[in-house]
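# Summary of the model geometry
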Amino acid sequence: MSQDLLPIATHRETFAFLGRMARANRWATAAAALTIVLASAAGVVSPWVLGSVVNDIRAGRDTILSSALIIALATVAAAVLGGLSAVALARAGEPALAELRERVLVRALRLPADRIERASTGDLLSRLSDDVRTVSEGLKGVIPIVLGSAVTVVFTSAGVLALDWRLGLAMLASAPLYVLGLRWFLPRSGRLYREQRIVQGERAEALLVGVDAAPTARAFGTGDALRRRIEVTSGRAADVSVSVYRLTLRFLNRNNLAEFLGLAAVLGLGFVLVRHGLTSVGAVTAAALYFLRLFTPIGGLLFTFDQFQAVGSALARLVGIATMPAESDPAPAVGPGEVVLSGITHQYAPGRPVLRDVDLRIAAGERIALVGATGAGKTTLGAIAAGVLRPTHGTVTAGGLPYGPERAGSGSGVFLVTQDIHVFAGSVRESLTLVRPTASDEEIRDALAMTSADRWVAALPDGLETVIGDHGHQLTPDQVQQLALTRIVLRNPWFVVLDEATAEAGSAGAHLLDRAAEAAMEGRTALVVAHRLSQVRSADRILVMHKGVITEQGTHDDLLAIDGRYATLWRAWSDHRSPADRPGGHG
């Protein structure tokens, strides 16, 4: 696979992380361990008492009622302690899981955009969704079974050895078969589970791309290619899942053989010992019951082992993100100054460069517009200038300092707005103050007024407190973009990159949104990836890009005068532009 997947923690790193979580919740962890041990100890009582009853009956002693009472009390105690252990385990595990989720999310949000692109969005999404769900379900269902079953196996084996060491050895004779089965299963299953998680990430990535690109695919008739990719990745995921299932069945067959041989050894040796008067029928009965009692916990271990392996793999993937070292110590924000891109070359796939040796200087306070056909490299150059994408080759400086993903962020003094704006769930106020939590109502209203968003915000049911997002008031694409531009005003960065930030506007809102973008860029250094050429006329300099290189640059009038590619674009656009894009037009 060509993708540079996000790190996966080793076994040592995963156990070290679990140890830290257990120490942070030590009292709940200790309570869970104690109740599991006591519940398992209570479960050992019944077979022992039943063996004594057999001997008492043979000796003519009537101890059935007292023995039944002891068995009942032990059963109730085991049930109560089992319930308490589940509660204690939840109290220990849920806070640890919540902290792990928080760490993973925080670390994922701080990952540079180019690191996510190298890993693929599907890899990150599968960890934040599938892996979190797997660990959460395992904490509630799988881990209690595994821990309880393991302790029960230990206590039951000790009980048989205390009853009669020879019968205990006969029962333990099946242990090598279990061990051999595990040694056969573990390396194969671990590899398969890791592969399963990876192909699930590839499937998620293919589905994401398929959904996002559906309109384009329909327009260009490339839907079959997207569907084939989804079919291929889904088929790989299904094939790996079937391989896991087949491997588990073969493992269970080996353990059924171990159970048969173990019980046969206990009963066979018991018959010989009783016949020679070396042990009692009650002891053999108790030993057989003990071994039969092991079927349930061993079965629990075996039938949940694949899930336990899946939990372990998912946990290692989450811990891998949670424990990722920071790219670097927080770097000082770059200050206002010249933005310089030198020798910029970038490629998303080997041998297919999107940008080719681009040099660009943006003076402080200068506004530059990028135009060109789709695929010319405008968005890539804008992302590199904004610091969210690291170029394959070349350097970027801003204000005299090296600039890239390690410095990009809300405190960098650089702001990027694209046409793909996410509507954060919450109030309008919360959506705006994401970039400046301390902003006052007056500052928020002033920023809204600058981008002409104040009127429609005031008309919302609850004004600034109106809840927006999937389960709130639905905003139009124009309004969503206006909020994004308002965030620029609130944050007050010195350098702004607008990547088709007004492209979603319809003919009615185009002029208003262009004016909002003009207000947001006022007094700032700006790089504008233009969708409509009405946005570029007022730029200090216009760059024309074609196949990853800058082919023309100058003012609007200069470029029309040379009658090159820009002039051709301008004439084509002028012939087909909407009324809102014409000088003085309002749509």
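Let us look at the structure shown here. (Residues numbered from 1 in each chain as written. Predicted model: local features only at pLDDT ≥ 70, side-chain atom pairs only at ≥ 80, totals over all residues. Heavy atoms only, no water.)

A count of helical and extended segments in the protein gives 20 helices and 12 strands. Relative to its 587 residues, the protein shows a buried fraction of 45%. Taking all contacts inside the protein whose residues are at least 6 apart in sequence as the whole, residues at least 24 apart take part in 76%. Only carbon and sulfur atoms are counted for the fraction: they give 60% of the accessible area of the protein, which is about 29,300 Å². (Helix = DSSP H or I, 4+ residues; strand = E, 2+ residues; numbered from the N terminus. Buried < 20%, exposed > 50% of the residue type's maximum accessible area, 1.4 Å probe, protein only. Contact = heavy atoms within 4.5 Å. Areas by Shrake-Rupley, 256 points an atom, 1.4 Å probe, with all protein chains shown as cover.)

Strand order in the open sheet formed by four strands is β2-β1-β4-β5, and the pairing between neighbours is antiparallel. Each edge of the open sheet carries a strand with a single partner, namely β2 (352–362) and β5 (401–402). Of the pairings in the sheet, the one linking strand β1 (residues 339–349) to strand β4 (residues 393–398) comprises five bridges and is antiparallel in character. Bridging across to β4, Val-340 finds its partner in Thr-397. Running at roughly 125° to β1, helix α13 (residues 378–386) makes contact with β1, β2 and β4 of the sheet. (Pairing = 2+ DSSP bridges. Axes fitted to C-alpha atoms, helices over the stretch in contact; angles between N-to-C directions.)

What follows deals with the sheet that holds strand β9 (residues 495–499). What the six strands build is an open sheet, ordered β6-β9-β10-β3-β11-β12; its pairing is mixed. The open sheet is flanked by β6 (414–418) and β12 (549–554), the only strands paired with a single partner. The sheet shows a mean angle of 15° between the axes of neighbouring strands, direction not considered. Running at roughly 175° to β6, helix α17 (residues 477–491) makes contact with β6 and β9 of the sheet.

Attention now moves to the side chain of Lys-378. Mapped onto the elements of the fold, Lys-378 is located in helix α13. The contact partners of Lys-378, leaving out residues within four places of it in the chain, are Leu-370, Val-371, Gly-372, Ala-373, Glu-500, Val-529, Ala-530 and Met-545.

Attention now goes to the environment of Ile-321. Position of Ile-321 relative to the elements: it lies in helix α12 (residues 305–322). Look at Ile-321 and you get buried, because its relative accessible area is 0%. In sequence terms Ile-321 and Leu-6 are 315 residues apart; their C-alpha atoms lie 7.0 Å from each other. Every residue in contact with Ile-321, bar those within four places of it in the chain, is listed here: Leu-6, Pro-7, Val-104, Arg-107, Ala-108, Leu-124 and Arg-127.

Turning our attention to unusual backbone geometry. Although it is not a glycine, Ser-452 adopts a positive phi angle of roughly 60°. Along the chain, Ser-452 falls in the loop between α15 (441–450) and α16 (454–458). Under the relative-accessibility criterion, Ser-452 is labelled partly exposed at 28%. In this structure, Lys-547 is a non-glycine residue whose phi angle is positive, near 55°. Examined against the element boundaries, Lys-547 turns out to sit in the loop between β11 (541–546) and β12.

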